[in-house]
Amino acid sequence: LRRWEARPDIQARMPGFRVRMGFGLHYGWAIEGAIGSHHKIDASYLSSSVNLASRLENATKQYGTPILLSGDIYNLLSDKVRKLCRLVDRVTVKGSEHPILLFTYDMPLLHKPLEGQDHSCENYRDYSNEDFFELFRPRLGEEFGQQWRVAVGSYLGGPGG
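Scope of this entry: the structure provided in the associated data block. (Residues numbered from 1 in each chain as written. Predicted model: local features only at pLDDT ≥ 70, side-chain atom pairs only at ≥ 80, totals over all residues. Heavy atoms only, no water.)

Section: the pattern of salt bridges
If you walk through the whole model with that rule in mind, you get three salt bridges. The partner of aspartate 9 in a salt bridge is arginine 7, with the nearest N and O atoms 2.5 Å apart. The exposure class assigned to aspartate 9 is partly exposed, which follows from its relative accessible area of 40%. Residue lysine 40 is joined to aspartate 42 by a salt bridge in which the shortest nitrogen-to-oxygen separation is 3.9 Å. (Salt bridge = Lys/Arg side-chain N within 4 Å of Asp/Glu carboxyl O. Buried < 20%, exposed > 50% of the residue type's maximum accessible area, 1.4 Å probe, protein only.)

What follows is the structure, given as structure tokens:
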């Protein structure tokens, strides 16, 4: 995609053009059905879980991240993969009374291949959320870090929590 969007003919017609894709992932039940006519049939999936995944996909634009995971998906991940996820928000979506946690998977952008290794996923150093914060501590300062931890704890505790 990067080579395609960098083509001179495309950039000449649409300067600064970039391909951006968003993915919303949620886990739950769904009903599958075929919709259409004799000439064309499409598969359709219906459920509140599918609707939530769709909302997450749309929210990637608001959060400026290519992928959003619901807390239900996050809970299915291995500990190793969870370390690569970052908590983004705690929201109550339309049609629900219970808040959900939103995560993103953007840590590989910070990973550095180990010396002499190929660039496959297994050869990247894991960064936890604390490691991520530590990378930026020199720019932000300790006071910011203390305030940040208090704010996140209060936010995740919810109203009155």
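A closer look at the sheet that holds strand 1 (residues 23–25)
With mixed pairing, the four strands of this open sheet are ordered in space as 1-4-6-5. Two strands close off the open sheet at either side, each with one partner strand: strand 1 and strand 5 (86–91). Neighbour-to-neighbour, the strand axes of the sheet open up by a mean angle of 25°, direction not taken into account. Where strand 1 meets strand 4 (residues 67–70), three bridges bridge the pair, whose relative direction is parallel. (Pairing = 2+ DSSP bridges. Helix = DSSP H or I, 4+ residues; strand = E, 2+ residues; numbered from the N terminus. Axes fitted to C-alpha atoms, helices over the stretch in contact; angles between N-to-C directions.)

Points about helix 3 (residues 48–63)
Spanning 16 residues, helix 3 covers 22 Å between terminal C-alpha atoms, matching the ideal 22 Å at 1.5 Å per step. Listed in full, the buried residues belonging to helix 3 are Ser49, Leu52, Ala53, Leu56, Ala59 and Thr60. At its buried positions, helix 3 is contacted by strand 1, strand 4 and strand 6 (100–104). Sitting at the amino-terminal end of helix 3 is serine 47, which places a side-chain oxygen 3.1 Å from the backbone nitrogen of serine 49. Positive phi shows up at glycine 64, right after helix 3, with a value of about 65°. (Expected span 1.5 Å × (residues − 1). Contact = heavy atoms within 4.5 Å. Polar contact = N/O pair within 3.5 Å; in protein donor to acceptor, adjacent residues only side chain to side chain.)

Points about the nonpolar core
One broad rule of soluble globular proteins: the nonpolar side chains tend to lie buried together. Core analysis: the biggest nonpolar cluster contains eight residues, these being Leu52, Leu56, Ala59, Leu68, Val91, Val93, Ile100 and Leu102. Sorting the residues of this core by element identifies helix 3 and strand 6 as the ones contributing at least two each. Listed in part, the six residues of the second largest apolar core include Leu69, Ile73, Cys85 and Phe103. (Core = buried A, V, L, I, M, F, W, Y, C linked by side-chain atoms within 4.5 Å.)

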